[in-house]
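Architecture and fold: a report
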Amino acid sequence: MKNFFIFFEILFFLFTTIPQIFSQQPLPIGFAKGEEFLMDDYLKSRLPSENAIISPPVSPVRSMAEWEELQAITVTWTNYPTTLVPLVKFMQTQCRVIINCQDSNAVKSTLSSSGVPLNNIDFIQQPFNTVWIRDYGPNTVYTNEVDSLLLVDWIYNRPRPKDDTISSQIAKFLNIPLYQTMTSPFNLMNTGGNFQSDGFGNAFASKLVLDENDGNGSYSLNYPIHSEGEIDTIMNKFMGIKRYTKINTLPYDGIHHIDMHMKLLDEETLLVGEYPAGTSDGPQIEANIQYVISNFQSMFGSPYKIVRVVQPPDASGNYPSDGFPFSPGDYRTYTNSVIANKTVIIPLYETKYDTTALRIYRENMPGYDVVGVDCNQIIQASGALHCITHEIGVKDPLLISHQPLKNTTNTSVPYQVDAYINHQ
């Protein structure tokens, strides 16, 4: 009898809650209430796009770092125009901006009325579910380091089928081959907010990538089933990742995406979010960073340089753990930024915190124009600027890498600078 009542409660939930999920706007970056129960049908029905290649590239590949040269950045236009308008304005000065939208004329009107010129902007009119293109958008890789440009699309970790078509449409629009990790033995679920590459085969993620590919999805029997070694192999074949560093998930961030508290600024610099001692996710973040610096070195064979930036409380002074799980503070973060060629765009919240964050970026990314966009509205949905953008690399990259110069003021004593340079 007890099992009968449990079954009845589940049925009641399915029939009363799930029909409301996709009418709720905007959908958060994490699961909406009850959305987990849609994962099973979503995963069973998910098929590769008609223009996709489901086997790994034949030639070795290399994942682009976010600071490499871009031909475009793509966004999905919905729900947050006060964030999207200034973001597009900054990005269009650096590269093409591809806007996925339902009505391009409406978007053009909004941009024009806000004083944003329409040059260097393309529009793809297509259906979508959410603004969170970082997680469902295509990832740039190159064969043989700098040769052919390819795009890679993983299994999306949300049951949002319209979002799931965006990568295919962008690949068609730009005439770039699309590879998808959709079918066994290469079926891999992953999300862009939980992936950061240094451009030379080293990448960082939280252990979310292990949890979502171990076959133990809470609400579906159809999650991919892979060991950590198999995951590493798939990421190597499709993304060129040779060292895939995975850190523990955080107690309070909800979505477990590393871009909410960590960002690679260059090949050896990690920008890390910092809470007051003993507060919120601070202890786990510190443990994770100690694990990284104790076990791994940068591609130069040098220790990672750790730069800290505050994770500020919300407008009420609350942190994400305060009141958890009921009405915790917003997950304000400055690491969720966008590098658009020569411009770095960071989230802004309050002047007393923003000025310090802007200074830290400018000190550690000399030569860039560092600007900001107000993210007080969008951060309530647990995402910011990195979460709503996705980069597309240029077709003929010039790959240059060297350590930061040791001394740029006193040049009386020479020292050697070694640079790695490659081009088609």
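The structure this text deals with has already been given above.
On a predicted model such as this, the values are computed, not experimentally measured, just so you know.

Rules of the game
Residues numbered from 1 in each chain as written. Predicted model: local features only at pLDDT ≥ 70, side-chain atom pairs only at ≥ 80, totals over all residues. Heavy atoms only, no water. Pairing = 2+ DSSP bridges. Helix = DSSP H or I, 4+ residues; strand = E, 2+ residues; numbered from the N terminus. Axes fitted to C-alpha atoms, helices over the stretch in contact; angles between N-to-C directions. Contact = heavy atoms within 4.5 Å. Polar contact = N/O pair within 3.5 Å; in protein donor to acceptor, adjacent residues only side chain to side chain. Expected span 1.5 Å × (residues − 1). Core = buried A, V, L, I, M, F, W, Y, C linked by side-chain atoms within 4.5 Å. Buried < 20%, exposed > 50% of the residue type's maximum accessible area, 1.4 Å probe, protein only. Salt bridge = Lys/Arg side-chain N within 4 Å of Asp/Glu carboxyl O.

1. A few points about the sheet that holds strand E17 (residues 369-374)
- The strand order E15-E16-E17 describes an open sheet built from three strands, whose pairing is mixed. One side of each edge strand has no neighbouring strand; the edge strands of this open sheet are strand E15 (338-340) and E17. Each strand of the sheet is rotated relative to its neighbour by a mean of 30°, with strand direction disregarded.
- As paired strands, strand E16 (residues 343-348) and E17 are joined by six bridges and run parallel to one another. Paired with Thr343 across the bridge in E17 is Asp369.
- Relative to the sheet, helix H4 (residues 81-91) contacts E15, E16 and E17, its axis offset from that of E17 by approximately 165°.
- Against the sheet, helix H11 (residues 351-364) engages E16 and E17, with an angle of about 155° to E16.

2. Focus on the side chain of Thr269
- Relative to the assigned elements, Thr269 resides in strand E13 (residues 269-274).
- Reaching out from Thr269, the side chain makes a polar contact with the side chain of Asp266 at a distance of 2.8 Å.
- Not counting chain neighbours up to four residues away, the residues in contact with Thr269 comprise Lys263, Leu264, Lys305 and Val307.

3. Digging into helix H9 (residues 228-239)
- Between its first and last C-alpha atoms H9 spans 16 Å; for 12 residues at 1.5 Å apiece the expected length is 16 Å, and the two agree.
- The inward-facing, buried residues of H9 contact strand E2 (61-63), strand E6 (139-143), strand E7 (149-153), strand E8 (178-180), helix H8 (208-211) and strand E11 (243-247).
- Gly240 occupies a position one or two residues after H9 and carries a positive phi of about 75°.

4. Let's talk about the nonpolar core
- With 99 residues, the main nonpolar core has Trp77, Met91, Ile99, Leu111, Trp132, Ile346 and Tyr361 as its most contacted residues.
- In this view, Trp132 contacts Leu27, Pro28, Ile29, Tyr80, Arg160, Ile378, Ala381, Gly383, Ala384, Cys387 and Ile388; residues no more than four positions away in its chain are not counted.
- Within the second largest apolar cluster, 20 residues are counted, among which are Val61, Val141, Trp154 and Leu188.

5. A few points about the pattern of salt bridges
- Counting across every chain of the model gives 16 salt bridges.
- Salt-bridge contacts for Arg134 lead to Glu66; the nearest nitrogen and oxygen are separated by 3.9 Å. Highlighted residues: Arg134 in helix H6 (residues 133-136) and Glu66 in the loop between E2 and strand E3 (70-76), separated in sequence by 68 residues. Note on accessibility: Arg134 and Glu66 belong to one class, buried.
- It is possible to trace a salt-bridge network through shared partners that takes in Glu66, Arg134, Lys263 and Glu391.

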